[in-house]
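A closer look at the structure
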Protein chains: 2
Amino acid sequence: MNEQENRPIVVVVDDEEDLLILLKNLLEREGYQVLTARDGDEGIWLLRRVIARGRLKFAILDLMLPVRDGIDLVRFIRKQKEIRDVPILVLSAVSDTDKRVLALEEGADDFLAKPFSTRELVARVHALDRRVEQTRQESTVPRGRFEMGSLIVDTGRHEVRVSGREIRLTPIEFRILAHLISQGGFVIERHALMIALWGEDWEVEEHNLNVHIWSLRKKLGETPGEPKYIETLRGTGYRLKDTGESTSVRAVSGENR
Amino acid sequence: MNEQENRPIVVVVDDEEDLLILLKNLLEREGYQVLTARDGDEGIWLLRRVIARGRLKFAILDLMLPVRDGIDLVRFIRKQKEIRDVPILVLSAVSDTDKRVLALEEGADDFLAKPFSTRELVARVHALDRRVEQTRQESTVPRGRFEMGSLIVDTGRHEVRVSGREIRLTPIEFRILAHLISQGGFVIERHALMIALWGEDWEVEEHNLNVHIWSLRKKLGETPGEPKYIETLRGTGYRLKDTGESTSVRAVSGENR
DNA sequence: CAACGCTGTAAAGAACCGGTCACAAATCAG
DNA sequence: CTGATTTGTGACCGGTTCTTTACAGCGTTG
């Protein structure tokens, strides 16, 4: 596994050879691994291939493409669950505003009119990068193996045990529990949980959290009324109940992706 | 005073009539009272008029404006002390990044590239709203861990202990105690407490404070008549009694983001 | 000492919040 | 494409919390 293989990947799709080379150089200088395609079909093929590697940072797409429209590519990306939230920077001639609008509606994140200055491009790319990095941190799951009383949560192998017995949680439930246990016995405010689960500008009902907490409690085997594990602090948030037992909270920091 | 008059106000300045109507509908559905202007001068005039009402929640400004630049409006808002910290969401055409950057430098909080999806706008607006709401509440609660005699208040963990035993307080009670203990043994005037709890322009009966203090005292285990913790200074305010014990008041400044 | 203002105490109603559940919508697996 | 799982929403309920109101006690002041 050589060094290049660990760098974040950028996919660039454009039919102008010159531009492609320019972008490739520019972005590689910024520390990305750049993969290119020259038309829509090739682009989709490339994206498929990249999905497997799981390191796609963002995509730069020209709108005017032979064989397949750039907008098709935007749609394609937004449909693949593995790369759904990858930021997309769209390039197009100044003239076609229609397509520009369409692309943004389909989910492109930013837009750059050709021709552009390299400074401008780099600036945009950095902005996108920052944004994705931020939202990823927000929705991230604390890493490690945590124990608290009869609860064990191992985020590495995605496993939860309550008094030895393994239980199955949905992704959201899992993340809630992971956050709670990673905080030891301390309160997490509703607000913080919302951000942790759905990002800074979440668009779901805050009430939704109650529902997930509820189903999580059910799976943990809580008896309604008296929580053994998840404690409600009205008007504030939730916290894992300190059972007072062998409360060995331990985070194994071994695996940072 | 009709119902509408109590809703938070949003000011929208844009020269496109369609967009203005769209935004007005959208935001009114979200529960805001929407006031609009079509150019910079009108915007300033409108803002002046709104300042008096004191319920301005945030402003949405187009950057490309006839008569006066949107950036002028940003500057204007940031100079008015009454609305200095009102969040500003800036709209701009995708193309002019320069202005966008400038606007952010002048103090705009977020920007949205035109055209945008209504979902996106609503999400941003909510995020802004929450952010301002949160920081307003946060700023009124002193941060850190405070000890005084047998009392411990940890605002980070949302925890209160009296002689080791944890007690549960409602949000308001918690904030009262946090303020008192953060002042060490010094008086906090009723007036200051009112502002800290309900904001600069509170609308509740001042007597309400007595009630909360009373229930707080009960939870602390005060014996009526002789306050061990919260001392009343008639005509002035309250203060935490200096028990003379191991009065180690300490603020841990750990968490400043 | 009477009147007043300020605070403590108590209780009642309103507003709010969270728990519970059923169902709809979105997503995923085969 | 179909069925299963997961996620999100609306409705309802019960309890908590907030606010108002009433009244009692007490200190201050005239």
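Since we're looking at a predicted model, the values are computed, not measured.

**Details of the pairing of strand β11 (residues 230–233) of chain A**
Two strands pair when backbone bridges link them, and β11 of chain A and strand β12 (residues 237–240) of chain A are joined in this way by four bridges, in the antiparallel orientation. Among the inter-strand pairings, T232 of chain A is bridged to a residue of β12 of chain A, identified as Y238 of chain A.

**Some points on the packing of helix α7 (residues 190–198) of chain A against helix α8 (residues 207–220) of chain A**
All names here are of chain A. Viewed as axis vectors pointing N to C, α7 and α8 meet at an angle of 85°, and their least axial separation amounts to 10 Å. As far as their axial angle goes, α8 and α7 are roughly perpendicular. The segment α7 lies against α8, with R190, L193, M194, L197 and W198 engaging N208, L209, N210 and H212. Per-class residue counts for the contact of α7 with α8 are five nonpolar, three polar and one charged.

**Focus on the protein's contact with DNA strand C**
DNA strand C sits among 24 residues. The nearest are W214 and R217 of chain A together with R217, T232 and R234 of chain B. What you see for DNA strand C is that sugar and phosphate hold 66% of its atoms within 4 Å of the protein. A distance of 2.8 Å separates a base oxygen of DNA strand C from a polar atom in the side chain of R234 of chain A. Within the contact set of DNA strand C, a phosphate oxygen lies 2.9 Å away from a side-chain nitrogen or oxygen of Y238 of chain B. Within the residue set of the surface near DNA strand C, elements represented by two or more residues are α8 of chain A together with α8 (207–220) of chain B. Partitioning the surface near DNA strand C into residue classes produces eight nonpolar, eight polar and eight charged.

**Focus on unusual backbone geometry**
Of note, the phi angle at V67 of chain A is positive, near 70°, even though the residue is not glycine. For V67 of chain A, the location among the structural elements is in the loop between β3 (56–62) and α3 (70–79). Judged by relative accessible area, V67 of chain A falls into the exposed class, the value being 61%. The backbone of H158 of chain B shows a phi angle near 60°, a positive value even though the residue is not glycine. Along the chain, H158 of chain B falls in the loop between β7 (151–154) and β8 (159–162). H158 of chain B gets classed as partly exposed once you look at its relative accessible area, which sits at 25%.

**Notes on the protein's contact with DNA strand D**
Taken together, 23 residues lie near DNA strand D, and R168, T170 and E205 of chain A together with T170 and E205 of chain B sit nearest. Restricting the count to atoms of DNA strand D within 4 Å of the protein gives a sugar and phosphate share of 72%. Contacts to DNA strand D include T170 of chain A, whose side-chain N or O atom sits 2.5 Å from a phosphate oxygen. Here a phosphate oxygen of DNA strand D sits 3.4 Å away from a polar atom, N or O, in the main chain of I172 of chain A.

**Some thoughts on the domain arrangement of chain A**
Domain boundaries in chain A define domain 1 (3–138) and domain 2 (145–240). Computed over C-alpha atoms, the centres of domain 1 of chain A and domain 2 of chain A are 36 Å apart.

**Topic: the sheet that holds β12 of chain A**
Residues and elements named next belong to chain A. Pairing is antiparallel in the open sheet, where three strands are placed in the order β10-β12-β11. At either margin of the open sheet sits one strand with a lone partner, and together these are β10 (188–189) and β11. Bridge count between β10 and β12: two bridges; the pairing is antiparallel. Bridge pairing in β12 places E189 opposite G237. Here α8 sits on the sheet in contact with β11 and β12, set at roughly 150° to β11.

**Some remarks on the environment of D69 of chain A**
Residue and element names in this part refer to chain A. The topology assignment puts D69 in the loop between β3 and α3. For the pair D69 and L23, spaced 46 residues apart in sequence, the C-alpha separation works out to 20 Å. Non-local contacts of D69, meaning those with residues more than four positions away in its chain, are made with L63 and K99. Of the polar contacts made by the side chain of D69, one reaches the backbone nitrogen of I71; its length is 3.2 Å.

**Notes on the interface of chain A and chain B**
Between chain A and chain B, the residue contacts involve 23 residues of the former and 19 residues of the latter. Across the chain A to chain B interface the summed buried area is about 1,900 Å²; carbon plus sulfur atoms make up 48%. Among the residues chain A hides against chain B, the three largest losses belong to F186, H191 and D201 of chain A. Together they make up 23% of the total. Seen at the junction of chain A and chain B, the total is four salt bridges. Scanning the region where chain A abuts chain B turns up five residue pairs in polar contact (both at pLDDT 80 or more). Looking at the side of chain A that touches chain B, the elements with two or more residues in it are α4 (97–106), β5 (110–114), α5 (118–138) and β11 of chain A. Split by residue class, the side of chain A that touches chain B holds seven nonpolar, four polar and 12 charged.

**What about the confidence of the model for chain A?**
On average, chain A scores 84 in pLDDT, and the residues at 70 or more come to 87%. In the predicted structure, residues 252–257 of chain A sits below a pLDDT of 50 and forms six contacts with residues beyond four places in sequence or in another chain.

**Quick word on the pattern of salt bridges**
Side chains carrying opposite charge are able to pair once their charged atoms draw close together. In this structure the tally under the stated criterion is 34 salt bridges over all chains. As a salt-bridge pair, D41 of chain A and R68 of chain A come within 2.7 Å of each other at their nearest N and O atoms. With a gap of 27 residues between them, D41 of chain A in helix α2 (residues 40–51) and R68 of chain A in the loop between β3 and α3 connect regions that are remote in the sequence. We classify D41 of chain A as partly exposed; its relative accessible area is 37%. Linking R75 of chain A and D72 of chain A is a salt bridge whose minimum nitrogen-to-oxygen distance equals 3.3 Å. You can see R75 of chain A and its partner D72 of chain A sitting in helix α3, three residues apart, about one turn around the helix. R75 of chain A sits in the partly exposed class, given a relative accessible area of 33%. Several salt bridges share partner residues, and in doing so they unite E231 and R239 of chain A together with E159, R161, E166 and R168 of chain B into one network.

What counts as what
- Residues numbered from 1 in each chain as written.
- Chains lettered and ligands numbered in written order.
- Predicted model: local features only at pLDDT ≥ 70, side-chain atom pairs only at ≥ 80, totals over all residues.
- Heavy atoms only, no water.
- Pairing = 2+ DSSP bridges.
- Helix = DSSP H or I, 4+ residues; strand = E, 2+ residues; numbered from the N terminus.
- Axes fitted to C-alpha atoms, helices over the stretch in contact; angles between N-to-C directions.
- Parallel < 35°, antiparallel > 145°, perpendicular 65-115°, else oblique.
- Contact = heavy atoms within 4.5 Å.
- Nonpolar A, V, L, I, M, F, W, Y, C, P; charged D, E, K, R; others polar.
- Near = heavy atom within 4 Å.
- Polar contact = N/O pair within 3.5 Å; in protein donor to acceptor, adjacent residues only side chain to side chain.
- Buried < 20%, exposed > 50% of the residue type's maximum accessible area, 1.4 Å probe, protein only.
- Domains from an automatic or database assignment.
- Buried area = accessible area lost by both parts, 1.4 Å probe.
- Salt bridge = Lys/Arg side-chain N within 4 Å of Asp/Glu carboxyl O.
- pLDDT = per-residue confidence, 0-100.

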